[in-house]
Amino acid sequence: ARGLAAGPETHFGFQTVSEAERREKIYQVFENVAKKYDVMNDSMTLGIHRVWKDILVHKMNPSPGTLLVDVAGGTGDIAFRFINYVRSVRERQLQQKLKRHQNLSWQEISKSYQEEKVNPLGDSQVVVCDINKEMLKVGKQRAQHLGYSEGLSWVLGNAEELPFDDDKFDVYTIAFGIRNVTRIDLALQEAYRVLKPGGRFLCLEFSHVSNPLLARLYDLYSFQVIPVLGEIIAGDWKSYQYLVESIRRFPPQEELKAMIEDAGFLKVDYQNLTSGIVAIHSGFKL
C-alpha cells in the first residue's frame with residue numbers, strides 16, 4: 001500500500017525511489033549546484049563540453065528567423081551560442097548582398113548596416129525553458145553580464161509538460177538535460193508537440209562508451225575524481241555522485257534512438273563524440 005501511495009518506482013542514480021521523490025531530489029541537486037555549474041562543467045570535462053555544444057549548434061545550422069526552444073538550458077550555454085551563430089550568418093548574408101550590388105551608393109550601404117544593427121538576428125528568437133529557478137537566475141545573470149538581451153527569453157517550465165502551444169518552434173534542443181527528466185517518454189512527446197511540422201529535435205547527452213579499455217578508464221575517472229571535484233569546487237559530493245550514477249543509468253544510444261522514434265520523430269540518427277562519452281541525437285517532425 002505504501003508503494004502504491006508513493007507512486008511508480010524509478011531511480012535516482014543507483015537508488016530506487018518514487019517518481020515524486022526523484023523530481024524533488026533532482027530539483028534539489030540543481031538548486032545546490034547552480035552557482036558552480038559552469039565551473040564544474042569545465043573541471044569535469046577539461047573544457048571539452050564547450051566543443052560538444054559548439055558541434056551541436058553547428059549541426060543545427062540555424063538561419064535568421066529560426067525559432068528555438070532550449071529545454072533544461074538554464075545557464076544559457078546553447079542560447080548564447082545560437083545567438084552568436086545567427087548573428088554571424090546574418091553578417092555574412094549582408095556582406096554577400098553588398099558584394100552582389102557593387103553599384104550601391106554609400107547611403108544605401110549605410111542603410112543596410114543600420115538595418116543590421118536594428119535587427120541583427122533577423123527575427124530569430126530563443127526561449128530558454130528550465131524547471132529550476134536557480135538555474136534560470138544564473139542564466140539571466142550571465143546574459144546580462146555578457147550583453148545578451150535581444151531575441152532571448154526565459155521561461156520556468158517542466159520538460160514533461162511544456163508551457164507552449166502546439167507547432168510553435170523550428171528547433172528543440174536539450175543539452176545534458178534529458179538524463180534528469182523523470183519520464184523521458186513524456187519529454188519526447190512534448191518535444192514533438194511543440195515543434196512545427198518540419199521542425200528538428202536535437203539532444204546532446206552523456207552516453208555509453210563502446211571501447212572496453214576507455215570505458216574502464218572513464219568509470220575510474222567518473223567515480224573516483226568527479227565527486228571529489230564536486231566537493232572541492234562546489235562543496236557538494238552527493239550531487240556529483242548522483243550525476244555520475246545517472247550517466248550510467250541512462251539508456252544507450254540505440255535505445256534512446258528507439259524512444260525518439262516511438263515519440264513520432266523520423267530520420268532519427270545519432271553522432272557519437274569523444275568515443276561515445278556523449279552523443280548528439282537528431283530527429284525531425286515530418
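For clarity, every value in this text was computed on a predicted model and none was experimentally measured.

**Focus on the overall build of the protein chain**
Here comes step 1: Assigned secondary structure in the protein chain consists of 12 helices and 9 strands.
Here comes step 2: The C-alpha radius of gyration computed for the protein chain amounts to 21 Å, which stays within 12% of the reference 19 Å derived for 286 residues, consistent with globular compactness.
Here comes step 3: Once the C-alpha set of the protein chain is aligned to its principal axes, its extents read approximately 75 × 40 × 35 Å.
Here comes step 4: The buried share of the protein chain, reckoned over its 286 residues, is 48%.
Here comes step 5: Of the contacts formed within the protein chain by residues at least 6 apart in sequence, a portion of 74% connects residues at least 24 apart.
Here comes step 6: Accessible area for the protein chain stands at about 14,300 Å²; split by element, carbon and sulfur atoms hold 52% of it.
Here comes step 7: Charged side chains of the protein chain number 35 positive and 36 negative; the gap between the two group centres comes to 4 Å.

**Topic: the side chain of S207**
Here comes step 1: Here S207 shows up in the loop between β7 (195-206) and α9 (212-224).
Here comes step 2: Overall, the relative accessible area of 5% leaves S207 in the buried class.
Here comes step 3: Sequence-distant contacts of S207, that is, excluding residues within four places in its chain, are made with I247, Q253, G276, I277, V278 and A279.

**Re the packing of aromatic side chains**
Here comes step 1: Evaluation of the coordinates by the stated rule reveals 8 aromatic pairs.
Here comes step 2: Centroid distance Y172 to F201: 5.5 Å. Interplanar angle 25°. Geometry classified as stacked. On the criterion of sequence distance, the pair formed by Y172 in strand β6 (residues 169-175) and F201 in strand β7 is long-range, its members being 29 residues apart.
Here comes step 3: An aromatic cluster of three or more residues is present, and its members are Y172, Y192, F201 and F265.
Here comes step 4: If you follow K168 out to its NZ or CZ, it ends over the ring of F169, 5.8 Å from the centre.

**Describing the packing of helix α3 (residues 37-45) against helix α10 (residues 226-234)**
Here comes step 1: For the pair α3 and α10, the least separation of the axes is 10 Å and the interaxial angle reads 145°. Handedness of the crossing formed by α3 with α10: right-handed. Between α3, through V39, M40, S43 and M44, and α10, the contact on the second element is made entirely by I226, L229, G230, I233 and A234.

**Brief notes about the nonpolar core**
Here comes step 1: Core analysis: the largest hydrophobic core is formed by 50 residues, its most contacted members being F30, W52, L152, F176, L204, F206 and V278.
Here comes step 2: Residues in contact with L204, not counting those within four places in the same chain, are W52, K53, L56, I174, A175, F176, L273, V278, A279 and I280.
Here comes step 3: Judged by nonpolar contacts, the second largest core, of 27 residues, contains V71, L188, A263 and V268.

**Quick word on the pattern of salt bridges**
Here comes step 1: This model, assessed by the stated rule, comprises 11 salt bridges.
Here comes step 2: It is possible to trace a salt-bridge network through shared partners that takes in K53, D77 and R142.

**Points about unusual backbone geometry**
Here comes step 1: At F176, a residue that is not glycine, the phi angle is positive and equals roughly 55°.
Here comes step 2: Its place among the elements puts F176 in the loop between β6 and α8 (184-194).
Here comes step 3: When its relative accessible area of 9% is taken as the criterion, F176 is described as buried.
Here comes step 4: Phi at K267 takes a positive value of approximately 50°, unusual for a residue other than glycine.
Here comes step 5: Within the secondary structure, K267 sits in strand β8 (residues 266-273).

**Some remarks on the confidence of the model for the protein chain**
Here comes step 1: Confidence along the protein chain averages 88 in pLDDT terms, with 93% of residues attaining 70 or more.
Here comes step 2: Within the model, the stretch residues 1-6 combines pLDDT values under 50 with 1 contact to residues more than four positions away or in other chains.

**Here's the deal with the sheet that holds strand β4 (residues 125-130)**
Sheet strands pair by backbone hydrogen bonding; their relative direction is either parallel or antiparallel.
Here comes step 1: The strand order across the open sheet built from 7 strands is β5-β4-β3-β6-β7-β9-β8, with neighbouring strands paired in mixed fashion. Each edge of the sheet is formed by a strand with only one pairing partner; in this case those strands are β5 (152-156) and β8. The mean angle between the axes of side-by-side strands here comes to 15°, regardless of whether they run parallel or antiparallel.
Here comes step 2: Lying over the sheet, helix α12 (residues 253-262) contacts β7, β8 and β9 (278-284), oriented at roughly 155° with respect to β8.

**Remarks on the pairing of β5**
Here comes step 1: Sheet analysis places β4 next to β5, joined by 5 bridges and oriented parallel. When the sheet's bridge partners are listed, C129 is paired in β5 with V155.
Here comes step 2: The handedness of the β4 to β5 crossover, carried by helix α7 (residues 133-146), is right-handed.

**Let's talk about a nonpolar patch on the surface**
Here comes step 1: Together, L46, I48 and V51 give the surface a local cluster of nonpolar side chains, amounting to about 280 Å² of exposed area.
Here comes step 2: In this structure, V51 sits in helix α4 (residues 48-60).

Analysis parameters
- Residues numbered from 1 in each chain as written.
- Predicted model: local features only at pLDDT ≥ 70, side-chain atom pairs only at ≥ 80, totals over all residues.
- Heavy atoms only, no water.
- Helix = DSSP H or I, 4+ residues; strand = E, 2+ residues; numbered from the N terminus.
- Rg over C-alpha atoms; globule rule 2.2 N^0.38 Å.
- Buried < 20%, exposed > 50% of the residue type's maximum accessible area, 1.4 Å probe, protein only.
- Contact = heavy atoms within 4.5 Å.
- Areas by Shrake-Rupley, 256 points an atom, 1.4 Å probe, with all protein chains shown as cover.
- Lys, Arg positive; Asp, Glu negative; His and termini not counted.
- Charge placed at Lys NZ, Arg CZ, Asp CG, Glu CD.
- Phe/Tyr/Trp six-rings, centres within 6.5 Å; stacked < 30°, edge-to-face > 60°.
- Lys NZ or Arg CZ within 6 Å of the ring centre and 35° of its normal.
- Axes fitted to C-alpha atoms, helices over the stretch in contact; angles between N-to-C directions.
- Left-handed = near helix turned anticlockwise from the far one by under 90°.
- Core = buried A, V, L, I, M, F, W, Y, C linked by side-chain atoms within 4.5 Å.
- Salt bridge = Lys/Arg side-chain N within 4 Å of Asp/Glu carboxyl O.
- pLDDT = per-residue confidence, 0-100.
- Pairing = 2+ DSSP bridges.
- Right-handed = clockwise from strand over helix to strand, strands pointing away.
- Patch = residues over 30% accessible without salt bridge, like charges linked within 9 Å, V, L, I, M, F, W, Y side chains within 5 Å.

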